Every structure is written in structure tokens, then in C-alpha cells.
Amino acid sequence: MSTGEHEAGEQRVQDAVRKHARTRAFAEAEDVISAVLSDPGVREARARVEAAETEMGTELSARLQPFQDRYDRAVAEGDADGLAGLCAGKHGRWGRICVLPDGHETSMEEPHWGRNGEGRPIAWVGSAPDDW
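What counts, and where the lines are drawn
Residues numbered from 1 in each chain as written. Predicted model: local features only at pLDDT ≥ 70, side-chain atom pairs only at ≥ 80, totals over all residues. Heavy atoms only, no water. Axes fitted to C-alpha atoms, helices over the stretch in contact; angles between N-to-C directions. Helix = DSSP H or I, 4+ residues; strand = E, 2+ residues; numbered from the N terminus. Parallel < 35°, antiparallel > 145°, perpendicular 65-115°, else oblique. Contact = heavy atoms within 4.5 Å. Nonpolar A, V, L, I, M, F, W, Y, C, P; charged D, E, K, R; others polar. Pairing = 2+ DSSP bridges. Core = buried A, V, L, I, M, F, W, Y, C linked by side-chain atoms within 4.5 Å. Buried < 20%, exposed > 50% of the residue type's maximum accessible area, 1.4 Å probe, protein only.

Undergrad: How should the packing of helix H1 (residues 3–38) against helix H2 (residues 40–77) be read in this particular structure?
TA: Between two packed helices, both the angle of their axes relative to each other and the distance between the axes serve to describe the pair. Packing of H1 against H2 brings their axes to within 5 Å, and their N-to-C directions diverge by 70 degrees. With respect to their mutual orientation, H1 and H2 come out roughly perpendicular. Contacts from Val-36, Leu-37 and Ser-38 of H1 reach H2 at Pro-40, Val-42 and Arg-43. Across the contact of H1 with H2, the residue classes tally to four nonpolar, one polar and one charged.

Here is the structure:
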């Protein structure tokens, strides 16, 4: 085995070890997050937050529905430019995508607004990664 082949083999082993460690760390983090989210107090708090977000979404729907309509048209027509100008705020795990224009949090002083996974209007403050 040449020196180059040996170094390439060592690099593959090091890469595999790093990948394994990263995968294990993510799995352990998911276990901790699942345990926290299953706590009865956390579940109750989440239910209260979701109820407030649904109420606020319903209150804002008369004023903000045109944004949902514009989003729905852009999706149906495949309008990439129309979709590119939307707010990046989302809560992917719960099926929420903000349909307001990018920058609305400062210019309009509005929370994020859209529809939840069941199609009901919902408004929320802040954002979370798609997979959280």
C-alpha cells in the first residue's frame, strides 16, 4: 500500500468516526427533546400557546387573508418570484409557513401569519427550524 493510499484510508476512517459521533449526538439530543416535550407541564403549556396562536390567527384573518390567497395562487401557478418574496418565518414541524411579505415583522409590526396543518388561520411570534 502506498503512502497516499494509506493516508486516504486513514481519512475515510476519521470521516466515518466523525459521522458516527455526529449521528449519535443528534440521536441523543432527539431523545432529550422528546422527553422534555412529553412532560405533562410542557404539553399543557404548548396547548395553551397553540390556543392563543389560533385565536390571534382568527382575529387577524379578515385583514391578512389576501396574503394567504396570494400565497395559494403562487403555489398553484409555480410562481417562484412570488414565493421568493415571502417571509422566511416558519414552523415546519407544525405545518406553518408565514404568507406575509419578507420584513413584515419590522415594517408592519405583525406576527407571522398563515394556516396550520389543519388549515385554520394561525399567528405566531418567532421562528423555528423546519425540523424542530
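Once you've had a look at it, read on.
Undergrad: Help me understand the pairing of strand S3 (residues 112–115) in this model?
TA: Working note: regular strand, side chains alternate between the two faces of the sheet. Relative to strand S4 (residues 121–124), S3 is paired through four bridges, and the arrangement is antiparallel. Note on S4: the bridge partner recorded for Arg-115 is Pro-121. As consecutive antiparallel partners, S3 and S4 are separated by five residues, and within that stretch Gly-119 has a phi angle of approximately 90 degrees, a positive value.

Undergrad: Hey, could you run me through the nonpolar core in this one?
TA: Soluble globular proteins: nonpolar side chains tend toward being buried together. If you look at the biggest cluster of nonpolar residues, it comprises 13 residues, and the most contacted ones within it are Leu-60, Leu-64, Phe-67, Cys-98, Val-99, Leu-100 and Trp-113. When contributions to this core are tallied by element, the ones reaching two or more residues are H2 and S4. A total of four residues in this core trace back to one element, the largest contributor, which is H2.

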